[in-house]
Amino acid sequence: MSTKELSGGVKTLMLMAFDDSGKIFNASACGDNCAKWILRIAGKKNLTINLHHIMDFGKDFEAKILNTGEIVHSMAEFISVAGKYV
């Protein structure tokens, strides 16, 4: 029987989904393929992530950039704000 290892992104998503401590999660371990899952988890609970790259969250979403307090709803808005910090 072979052993399978989980990627850093999957491990981070599991922590985001099941941890209720209010911690900040390092989403920089996640690729763009994790974006839809991050949004889905954030739709069910308050989620704070640290991100050191521009992740493609798609067309329609809402996120608060804690560096500025701004709320963004699209990738164009996200890039214009978050691009200053990554």
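Scroll up to find the structure.
Residues numbered from 1 in each chain as written. Predicted model: local features only at pLDDT ≥ 70, side-chain atom pairs only at ≥ 80, totals over all residues. Heavy atoms only, no water.

Attention shifts here to the side chain of Thr-12. With respect to the element layout, Thr-12 can be found in helix 1 (residues 8-18). Judged by relative accessible area, which is 11%, Thr-12 ranks as buried. A polar contact is formed between the side chain of Thr-12 and the backbone oxygen of Gly-8, at a distance of 2.8 Å. (Helix = DSSP H or I, 4+ residues; strand = E, 2+ residues; numbered from the N terminus. Buried < 20%, exposed > 50% of the residue type's maximum accessible area, 1.4 Å probe, protein only. Polar contact = N/O pair within 3.5 Å; in protein donor to acceptor, adjacent residues only side chain to side chain.)

Next up on the list: the side chain of Asp-19. Within the secondary structure, Asp-19 is located in the loop between helix 1 and strand 1 (24-26). Reaching out from Asp-19, the side chain makes a polar contact with the side chain of Ser-21 at a distance of 2.4 Å. In this structure Asp-19 touches Phe-25 and Lys-45, once residues within four positions along its chain are discounted. (Contact = heavy atoms within 4.5 Å.)

Now for helix 2 (residues 35-42). When we look at burial in helix 2, the residues that qualify are Ala-35, Ile-38 and Ile-41. Along the axis of helix 2, the buried residues cluster in a sector spanning 125°; they form a single face. (Arc of directions from axis to C-beta.)

Under the criterion given, the structure shown has three aromatic pairs. Aromatic pair Phe-57 and Phe-78: ring centres 5.6 Å apart, planes at 80°, arrangement edge-to-face. Taken together, the residues Phe-57 in the loop between strand 2 (48-50) and strand 3 (63-65) and Phe-78 in helix 3 (residues 75-82) connect sequence positions 21 residues apart. Each member of the pair, Phe-57 as well as Phe-78, is classed as buried. For the ring pair Phe-61 and Phe-78, a centre distance of 6.4 Å and an interplane angle of 85° mean the geometry is edge-to-face. Taken together, the positions of Phe-61 in the loop between strand 2 and strand 3 and Phe-78 in helix 3 put the pair 17 residues apart, joining distant regions of the chain. Exposure class is identical for Phe-61 and Phe-78. Each is buried. (Phe/Tyr/Trp six-rings, centres within 6.5 Å; stacked < 30°, edge-to-face > 60°.)

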